[in-house]
Amino acid sequence: MSKKRKHILLSVPNISGNELKYVKDCLETGWISSAGSYVDKFEKMVADYAGAKYGIATVNGTAGLHIGLILNGVKPNDYVIVSNLTFVASANAIKYAGADPILIDADLKSWQMDLDILEEFLESKTIFNDKGELILKSDGRCIRTIMAVHVQGNIFDMDRFESICKKFKISFIEDAAEALGSRYKGKSAGTFGKMGIFSFNGNKIISTGGGGVIVTNDEEIAKKAKHITTTAK
């Protein structure tokens, strides 16, 4: 006779208050998909809370990361640097964009990308080509961007991380899926790079059952993200 497996849950949804009222209102008005007043309100609320100018809802956090990479210029055959301690969605989004992940080990204390290893890798394994692109010496492929993952809501030394990115002229986006409410020196996760992505899956700080939001201060990126997330309508 098989034993029942015990599951350790990352987070348990707490459904109370006006949730049922609002869902019922959505059903009654017919606005149950990618548009409507609740979507608009939610985008604004998330952006305001994070201190960003714009918020764009996505079907989930993974889709937000995928769109974020594309809008950050990631092309097929590029590389994207990412921490090796993260949920598989981070790497999946990179593959969806046609790129390949370069995994950097995590720091033992913070669980975030080890910045010593990152800097040593960039110094020893990369070079700039005649276009000014950062490329991997071993195969000449472009390292287009870094995906900074705030694992379990922790944030590493963003001052040092940004100085490394500036030194090697490489942009970054933030996988802030688990970091709603996390701040570094008073600044919200997701607002350091060109864009950040929050997730609202059932196991996150706040849940919408699924869904994600891209936050950015760049109006052009926001417009393009909204265009893509609404199937270019």
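As shown above, the structure is provided for reference.
Below is a summary of the structure that appears in this document. Counting restarts for each chain, with residues numbered from 1 along the sequence as it is written. Where local features are concerned, this predicted model is filtered to residues with pLDDT of at least 70; where side-chain atom pairs are given and counted, the filter is 80 or more; whole-chain, interface and lining totals use all residues. Note: side-chain values were computed over all heavy atoms of the structure, leaving out hydrogens and water.

## Points about the environment of Pro-13
What counts, and what does not: Secondary structure counts use DSSP, requiring at least four H or I residues in a row for a helix and at least two E residues in a row for a strand, with both numbered from the N terminus. Relative accessibility decides the category of a residue: with a 1.4 Å probe and only protein chains considered, values under 20% of the type maximum give buried, values over 50% give exposed, and everything between is partly exposed.
For Pro-13, the position within the fold is in the segment before helix H1 (19-29). Take Pro-13: its relative accessible area is 47%, and that puts it in the partly exposed class.

## As for the packing of aromatic side chains
The criterion, for reference: For Phe, Tyr and Trp, where Trp contributes only its six-membered ring, two rings pair if their centres lie within 6.5 Å, and the inter-plane angle classes them as stacked under 30 degrees, edge-to-face over 60, or tilted in between. A positively charged side chain is recorded as over a ring if its NZ (Lys) or CZ (Arg) lies within 6 Å of the ring centre. The angle to the ring normal must also be within 35 degrees.
Evaluation of the coordinates by the stated rule reveals five aromatic pairs. Ring geometry for Tyr-22 versus Tyr-38: centroids 5.8 Å apart, planes at 50 degrees, classification tilted. Linking Tyr-22 in helix H1 with Tyr-38 in helix H2 (residues 37-50), this pair joins segments that are 16 residues apart in sequence. Using a relative accessible area of 40% as the deciding quantity, one classes Tyr-22 as partly exposed. Judged by relative accessible area, Tyr-38 falls into the partly exposed class, the value being 29%. What links up through ring pairs into an aromatic cluster is the set Phe-156, Phe-161 and Phe-172. Directly above the aromatic system of Tyr-38 lies the positively charged group of Lys-41, at a separation of 5.6 Å from the ring centroid.

## Considering the pairing of strand S10 (residues 195-199)
The condition that has to hold: Any two strands with at least two DSSP bridges between them are considered paired.
In terms of burial, S10 is a largely internal element, five of the five residues being buried. Of the two faces of S10, the one carrying Met-195, Ile-197 and Ser-199 and the one carrying Gly-196 and Phe-198 are both buried. Judged from the two bridges that link them, strand S7 (residues 171-175) and S10 form a sheet pairing that is parallel. Within S10, the residue paired with Glu-174 across the bridge is Gly-196.

## What to know about the sheet that holds S10
What counts is decided by this rule: Interaxial angle, 0 to 180 degrees, is taken between N-to-C directions of lines fitted to C-alpha atoms, where a helix line uses only the stretch in contact. Throughout, a residue-residue contact means that at least one pair of heavy atoms, one from each residue, lies within 4.5 Å.
Taken together, the seven strands give an open sheet; going across it, the order is S1-S11-S10-S7-S6-S2-S3, and neighbouring strands pair in mixed fashion. Strands at the two margins of the open sheet, each flanked by one partner only, are strand S1 (54-58) and strand S3 (100-104). Across the sheet, the mean angle separating the axes of adjacent strands is 25 degrees when strand polarity is ignored. Note: S10 against strand S11 (residues 212-216), five bridges, orientation antiparallel. Each residue of the ladder has a partner; that of Gly-196, found in S11, is Val-215. Each of S1, S10 and S11 is contacted by H2, which is oriented at about 130 degrees to S1, the strand it contacts most.

## Considerations on the pattern of salt bridges
This is how it is decided: Every case where a carboxyl oxygen of Asp or Glu lies within 4 Å of a side-chain nitrogen of Lys or Arg is listed as a salt bridge.
Under the defined criterion, the tally for this structure stands at 13 salt bridges. The salt bridge involving Lys-226 is made with Glu-43; its shortest N-O contact spans 2.8 Å. Note that Lys-226 is positioned in helix H7 (residues 219-229) and Glu-43 in helix H2, a separation of 183 residues in sequence. You can call Lys-226 partly exposed: its relative accessible area is 30%. Judged by its relative accessible area of 7%, Glu-43 is buried. Note that Lys-167 is salt-bridged to Glu-119, the shortest N-O span being 3.4 Å.

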